[in-house]
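A closer look at the structure
Read off the chains here:
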Amino acid sequence: MNVPLLDLKPQYNALKTEIDEALLRTAESQYFILGPEVKALEKEFNEFLGSKHAIGVSSGTDALLLALMGINLQPGDEVIMPTYSFFATAGVVSRLNAVPVFADSDPVTFNIDPNDIEKRITNKTKAIVPVHLYGQSADMVPIMEIAKKYNLKVIEDGAQAISTQYKDGRCVGVIGDIGCYSFFPSKNLGCFGDGGLVVTNDDNLETLMRIQRVHGGKPKYHHKIIGGNFRLDAIQAAVIRVKLPHLNTWSEQRRQNAELYTKLFIESDLATEEGLTEISAENKVLLPKAVYKNVELKNYHIYNQYVIRVEKRDELRDYLTKAGISSEIYYPIPFHMQECFGNLGYKFGEFPVAENAAKSSVALPIYPELSNEQISYVVEKIAEFVK
Ligand SMILES: *Cc1c(COP(=O)(O)O)cnc(C)c1O
């Protein structure tokens, strides 16, 4: 049996008529960049997320970069973030000649550990960037309390978590000062290329970022400030507008897939419960846990990834590949061990939770259209290997 990590074709086939129509509509309009499609998308997102302002941008990375420019991040300023995330979270800070400062992760969710933030604050700290990893919210209440205490901005990296809710029901991205999302095709709401979105409830930040999206010119060709080309294509907005109304259904399917995985792992005697942090004879597979699970919330976790931990991770991946099953590691190297951040002076051993995650975690196929047979097959093959 073949089980790809992600197959986008069933989703396209299900919506083909509407998507093709949207593509054609954009072609016929010959309006390619920003314009009415992007405006409509921004409005629909505000309704969907409960945000005041949404700004369509060129990618999730550019969303983060624009957010940092929006808060006027200066060279030498420090930004605290988890050491365990996709590279863009840290890369954008360095690109502005500011300094990424790393914190360790929570052992259950792999999201930034709020207890590890405060001791990293200096008089140069300007912002905290929590990442809602794998589609689950970081613990925002303590993060917002620390930010308030030290007068720091909070920029949420919600690239893997569009529509995810925190335990109080708020969507991630609208809790801090600015929220950033990605429409990269493999994300849970993907377009047909690169795209992203920034949200904020702050009128001043919105005004500024809207101008910075188009090189900082307002009126056109008059520059009080410097921005960039962070514009979203009309075609990407048109595709996302077709998909957005289906997002909750897809997230529900992802949750059901996750529940089936968990049930089968427990039935196969590979695990006893979710969210454990030590591999043992009874728990050879460590299962992810939705820590804010609450059926009334619905989107307490949207499972952009379903990540387990095992001892011989790389050997397991080889075994699965031979059985036709794709998997991925998010992420094999934490930021503090990346060569490009060597000058920051971190050492191996400083972030034990993230280092352990990098060594033992593996993401299994979880996309909405996956069949129960495929999920059973994956668990069966993992059981074969582990036992
Ligand atoms: C994907 C991702 C990004 C970057 O988004 P792009 O649209 O690929 O630029 C940033 N942060 C995280 C956590 C991501 O997963």
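See the structure printed just above.
Everything in this summary refers to the structure shown in the same document. This is a predicted model, so every value here is computed, not measured.

What counts as what
- Residues numbered from 1 in each chain as written.
- Predicted model: local features only at pLDDT ≥ 70, side-chain atom pairs only at ≥ 80, totals over all residues.
- Heavy atoms only, no water.
- Axes fitted to C-alpha atoms, helices over the stretch in contact; angles between N-to-C directions.
- Helix = DSSP H or I, 4+ residues; strand = E, 2+ residues; numbered from the N terminus.
- Parallel < 35°, antiparallel > 145°, perpendicular 65-115°, else oblique.
- Left-handed = near helix turned anticlockwise from the far one by under 90°.
- Contact = heavy atoms within 4.5 Å.
- Nonpolar A, V, L, I, M, F, W, Y, C, P; charged D, E, K, R; others polar.
- Buried < 20%, exposed > 50% of the residue type's maximum accessible area, 1.4 Å probe, protein only.
- Polar contact = N/O pair within 3.5 Å; in protein donor to acceptor, adjacent residues only side chain to side chain.
- Near = heavy atom within 4 Å.
- Core = buried A, V, L, I, M, F, W, Y, C linked by side-chain atoms within 4.5 Å.
- Domains from an automatic or database assignment.
- Pairing = 2+ DSSP bridges.

The next point concerns the packing of helix α3 (residues 60–70) against helix α6 (residues 203–212). Packed helices, taken two at a time, are described by the angle between their axes plus the distance between the axes. The geometry of α3 relative to α6 is characterised by a closest axis approach of 9 Å and an angle of 125° between their N-to-C directions. Relative to α6, the element α3 lies oblique. For the element pair α3 and α6, the recorded crossing hand is right-handed. For the pair α3 and α6, contact is made by L66, A67, M69 and G70 and by L205, L208, M209 and Q212, respectively. Within the contact of α3 with α6, the residues separate by chemical class into 6 nonpolar, 2 polar and no charged.

As for its position among the elements, V310 is in the loop between β8 (306–309) and α9 (313–322). Between the C-alpha atom of V310 and that of S360, which follows or precedes it by 50 residues, the distance is 5.5 Å. In this view, V310 contacts I279, K284, V285, L316 and S360; residues no more than four positions away in its chain are not counted.

Now for the side chain of S360. Along the polypeptide, S360 turns up in helix α10 (residues 352–360). When its relative accessible area of 6% is taken as the criterion, S360 is described as buried. At a separation of 2.9 Å, a polar atom in the side chain of S360 contacts the main-chain carbonyl oxygen of N356. Beyond its immediate stretch of four places on either side in the chain, S360 contacts I308, R309, V310 and R313.

Another aspect to go through is the site of the ligand. Neighbouring residues of the ligand: 16 residues in total, closest G60, T61, D157, S182 and K187. Contact distances for the ligand include 2.8 Å between a nitrogen atom and a side-chain N or O atom of D157. At the level of secondary structure, the elements contributing two or more residues to the shell around the ligand comprise α3 and α4 (88–95). Here the element with the most residues in the shell around the ligand is α3; it accounts for 3 residues. The residue inventory of the shell around the ligand, partitioned by class, reads 7 nonpolar, 7 polar and 2 charged.

Y84, I155 and I178 are the most contacted members of the largest nonpolar core, which totals 61 residues. When residues of this core are assigned to domains, at least three fall in each of domain 1 (9–245) and domain 2 (247–386). Excluding anything up to four places from it in sequence, I155 contacts L64, A67, L68, I71, I128, V129, P130, I178 and C180. Counting residues in hydrophobic clusters, the runner-up holds 33 residues, among them A271, A290, V310 and V379.

Across the sheet, which stays open at both edges, the 7 strands sit in the order β1-β7-β6-β5-β4-β2-β3 with mixed pairing between neighbours. The sheet is open, and its two borders are formed by β1 (53–57) and β3 (99–103), each paired with just one other strand. Each neighbouring strand pair of the sheet contributes to a mean axis angle of 25°, computed without reference to strand direction. In this structure, strand β5 (residues 153–157) lies alongside strand β6 (residues 178–182), joined through 3 bridges in parallel fashion. Each residue of the ladder has a partner; that of D157, found in β6, is C180. Relative to the sheet, helix α2 (residues 35–49) contacts β1, β6 and β7 (196–200), its axis offset from that of β1 by approximately 135°.

Treat this as a map of the structure, not an account of what it does.
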